[in-house]
Amino acid sequence: MDLETGFYQNRLKKESWRTVLTLAYQSLGVVYGDLSTSPLYVYTSTFAEDIEHSDTNEEVYGVLSFIFWTLTLIPLLKYVFIVLKADDNGEGGTFALYSLLCRHARVNSLPSSQLADEELSTYKKDINTPAQTTFGAKIKSTLERHRVLQRFLLLLSLSGASMVIGDGILTPAISVFSAISGAELSLGNEHHLYIEVPVACVILIALFALQHYGTHRIGFLFAPVVVTWLLCISGIGLYNIIHWNPSVYRALSPFYVYKFLKKTRKGGWMSLGGILLCITGSEAMFADLGHFSQLSIKIAFTSMVYPSLILAYMGQAAYLSRHHVMDNDYQIGFYVSVPEKLRWPVLVIAVLAAVVASQAAITGTFSIVKQCCALGCFPRVKIVHTSSKIHGQVYIPEINWTLMILCLAVTIGFRDTKRLGNAAGLAVITVMLVTTCLMSLVIVLCWHQSILLAICFVILFGTIEALYFSASLIKFFEGAWVPIAISFIFMIVMCIWHYGSLKKYEFDVQNKVSIDWLLSVGPSLGIVRVRGIGLIYTELVSGIPAIFPHFVTNFPAFHQVLVFICVKSVPIPHVRHEERFLVGHVGPREHHLYRCIVRYGYRDAHKDDLQFENDLVWSIAEFIRTGKTGLNGNTAEDLSKDLEDMTVLGTPSTHISGVQLYEDNEVNSESVGTSKLREMHTTHITKPKKRVRFFIPETPKIDRNAREELRELMEASEAGIAYILGHSYVRAKQGSSLLKKVVINFGYDFLTRSSSPPAYALTVPHASTIEVGMVYHV
C-alpha cells in the first residue's frame, strides 16, 4: 500500500472484490476499534446521575431509541453515505476538507503558494469554477476578499485538530479503564479502585512505550481482536434479547425518544452526554480513509460494525428491563449483562479491544500533528516513519510521551468512567461539529450543489450535534473542562507558531534581494568562487533571500555552483514523483545560480537522507540537459524582473531516457568505453569511497553552452557539497504592541528553541555545514 504515489485510490478501482473485502477486514482493526468498544461505557455514563432506572423501563427504552437513531443518523447516514465522498484525492479528515476549500476558494493560509502549484495533477482534480451568478460563486468571492473569514476558517480547522489531540488523550484512558472495570463484579466495590487504577496505568504505559515499533509490527492482531470482540458482544446481545426480553425491538421506535424526554425533562437532556459516547470513533471512518477505500469502509460498517453494535445495545437494554434493583453503580454497566461464566474471557477480549481502540486514537493524533506541521501550524517535531510502505504510519516521540503523561493524569485524577465520559464526549462532538461546518462549505464550493442542500445538511446533522454538544458542555465542571483546556493550550501553541512563522516569512519577502542587485555586481560577481556546490535553504519561492548578502558581507566567497532550495508543502495530500522538483536559473546562466523548489503534500514522507542530495543534483543536471535556460537569453528588461522560469522535474526513476544515476564503490573514475556517456561524480563526506555516478547521454539536443554548464556542475559535484543554513532570531520591532512583543519575544522564541530543527538539518553533515545567524525584526 504505497501512499507516496497519491494514486492508491485510483489503483484500487481496478482491483477485484477480493481486494476490497480484504481491505474491509483490515479496516475493522484500524478504523473501528474505538467505535466498537463504546458499549463498555455508554449505559454506565448515561445512568450515572441524571436519570434513574425505574420499573416502567421508559428510561431504558428511551436511551436505546436514542442510541439507535444516533448510530443511524450520524455514522451511517452522515459519514458513510455523505462525508466519505468528500475525499481529497483519496485522503480524509479535517485537513482534507480544509485542503479542498483552500484550492477551490483560494483561502490557503500558506504564504509560499505559487501559480505553478495549481498545475499539479492532483491539485486540479475535480475543480470547476462555479458560474458567476450562483450563490456558491458569491461565497467564494466573499471568502477570497475578506482575510478575517480566511483566518476564521483556519481557526475552525485548527480547533477540530486540537480536539482530535484531546481525543487521543481521553480515548485510551476511558477505553482501558472501562475494559478492566469488569473486575468490580469479582473484587467488590470497596476494593476495585486499588486494582483497576494501577492496572490501567500499567497497560497505558506499556501501550505508549510500544509506539516506537510502529503500527505495522503489532497491527496484524488488530482486525482479529476487533472481529472477535464484535462477534462476542453481538452474540451476548442476541442471547440477552432472546432470554430476557424479545420485545425490546419496539424501543427502536422514535416514539420512545419523545416519551423519554417528556418524562425525564432536564435530567434526560443532561444524560445525552453519556448517550453521545455511542458514536465515539465515527470520525475515524473519514480520517483513516487514505489507508483504505470508501467501498471497503462502507462494507465493514454496514455488514459487521453497525448490526453488532445495535445487537449489543439492545441486549443490554433487554437485560436491564428485567433487572430493576441495582445495589451498586457498576451494575448498570456492560459486564452485568454478560453471563457469569463468560465474564473473565470477555474481560480479556475487552482489554485487547480497548488497546486496539487506544492505538487507533494515538496514531490518529500522530497523523493530525504531522499535517499541522506540514501546513506550518505546529512547531517542528521529530517525525519517524515506522513503515517503508505505508507512509501514513508515523511516530512522534515528543507527542507520544506528552500524550502518555496527560493520559495517566486524567486516569488517576478521575478514576471513574463518568467524568472520563463527559470529557471524551465533548471532544468527540466538537470534531463532528467542525466537520459539519466544513462539509456545508464543501457542498457549495466544491460540489457546486444548491445552497438549500447545504442548509438542509447543517440543519439535520448540526441540530443533532448541537443538542449533544450542549448536553456535554453543561458538564463542564464534571470533567468536560479537560478537552477544552487541552484544546485551548494546543490552539494557543498553534496560533503563536503560525503567526510567528507568517511574520518571519513576510520579513523574508520584504527584505529579499532582487535580481537587479545580482546583475549589478557583474558576470563574475566580484567575489571569490570556491570549488563545490553550495546549498542555501530558504523559505522564499522567488528572489534572493536576505541571508545571502548577509553571508557574502561577512564571508566574501561562495561556491562555484549555488543552489537556493525551498522545501514547501502544498495543500494536497500527495505530490507525484514526476512533479516533485521545480528548477530554474537565478540570473544569467554564466553565474551558475539555481533555484530548486521541492514540493510535498501534507501526507507525503519527506526525504531526509542522502538520497535527497542525489535527487537534487540530478534535477539540476536534467534541467540543464533539457535545454531550459530560464531567464538566460532574454532582454535586459526581462532580466531585471524578480521572476524566474521554472521547469517541473521528477526524480531519477521518472526520467529513464534522461540523466541516469548509479552507485559505485570504486575510488578512481574511468571512462565508460564506447557507450559515449559522460560521468558526473558526487563524493559523500561520510563515505569517501562511495559515490554516485550521473550518466548524461550525448544527444544532439545539448548545445555548447549547456555542455559547458554541465561540465561546471560535474566539477563542482566532485569537489563536494556544502550546506548553508540560516539561524534566525525573531524579535518584535520597536513600536509593537505589548501583546505582539509577548507573542513574538517570548512565545514564538520559546517554541523555536524547543522545536526540532527542519528535517533537512537533521541529516546534514556537520563538517559541511555553515550556519548564518540573523535577527529578524518583525
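Identification of the chain as Potassium transporter from Datura stramonium is taken from an unreviewed UniProt entry. Here is the UniProt Sequence similarities (unreviewed entry) comment for the chain, exactly as written: "Belongs to the HAK/KUP transporter (TC 2.A.72.3) family."

It is worth spelling out the pairing of strand 3 (residues 528-537) at this point. Sheet analysis places strand 3 next to strand 4 (residues 557-570), joined by eight bridges and oriented parallel. Among the inter-strand pairings, valine 530 is bridged to a residue of strand 4, identified as histidine 559. Note that strand 3 and strand 11 (residues 721-731) share four bridges and pair parallel. Paired with isoleucine 533 across the two strands is isoleucine 721, which belongs to strand 11.

Spatially, seven strands are ordered 7-5-6-4-3-11-12 in an open sheet, and the strand pairing comes out mixed. The open sheet is flanked by strand 7 (647-649) and strand 12 (769-777), the only strands paired with a single partner. Each strand axis lies, on average, 25° off the axis of its neighbour in the sheet, ignoring direction. The sheet strands contacting helix 27 (residues 704-719) are strand 3, strand 4, strand 5 (581-585) and strand 6 (593-601), and the helix crosses strand 3 at an angle near 85°.

Mapped onto the elements of the fold, threonine 647 is located in strand 7. The exposure class assigned to threonine 647 is buried, which follows from its relative accessible area of 13%.

Before going further, it helps to examine unusual backbone geometry. For asparagine 57, which is not glycine, the phi dihedral falls at a positive 65°. Along the chain, asparagine 57 falls in the loop between helix 4 (42-46) and helix 5 (58-81). Its relative accessible area of 6% is what places asparagine 57 among the buried residues. In this structure, histidine 592 is a non-glycine residue whose phi angle is positive, near 55°. Relative to the helices and strands, histidine 592 is located in the loop between strand 5 and strand 6.

It is worth spelling out the pattern of salt bridges at this point. Scanning the model with the defined rule gives 12 salt bridges in all. The partner of glutamate 478 in a salt bridge is lysine 418, with the nearest N and O atoms 3.7 Å apart. Residue glutamate 478 is located in the loop between helix 21 (451-473) and helix 22 (481-510), and its partner lysine 418 is located in helix 20 (residues 417-445); the two are separated by 60 residues in the primary sequence. Here glutamate 478 falls in the partly exposed class, since its relative accessible area comes to 27%. As a salt-bridge pair, arginine 731 and aspartate 749 come within 3.3 Å of each other at their nearest N and O atoms. Here arginine 731 is found in strand 11, whereas its partner aspartate 749 is found in helix 28 (residues 738-754), with 18 residues between them in sequence. Given a relative accessible area of 27%, arginine 731 falls into the partly exposed group. Residue aspartate 749 is classed as buried on the basis of its relative accessible area, which comes to 15%. Linked through salt bridges whose partners overlap, the residues forming this network are Glu58, Glu59, Lys259 and Lys263.

Within the sequence span of helix 7 (residues 135-145), burial applies to Gly136, Ala137, Ile139, Lys140 and Leu143. Projected onto a plane normal to the axis of helix 7, the buried residues spread over an arc of 160° and lie on a single side. Where helix 7 is buried, its residues touch helix 6 (94-105), helix 8 (147-179), helix 20 and helix 21.

Cut-offs used in this document
- Residues numbered from 1 in each chain as written.
- Predicted model: local features only at pLDDT ≥ 70, side-chain atom pairs only at ≥ 80, totals over all residues.
- Heavy atoms only, no water.
- UniProt positions renumbered as here; feature names shortened; annotations may be inferred.
- Pairing = 2+ DSSP bridges.
- Helix = DSSP H or I, 4+ residues; strand = E, 2+ residues; numbered from the N terminus.
- Axes fitted to C-alpha atoms, helices over the stretch in contact; angles between N-to-C directions.
- Contact = heavy atoms within 4.5 Å.
- Buried < 20%, exposed > 50% of the residue type's maximum accessible area, 1.4 Å probe, protein only.
- Salt bridge = Lys/Arg side-chain N within 4 Å of Asp/Glu carboxyl O.
- Arc of directions from axis to C-beta.

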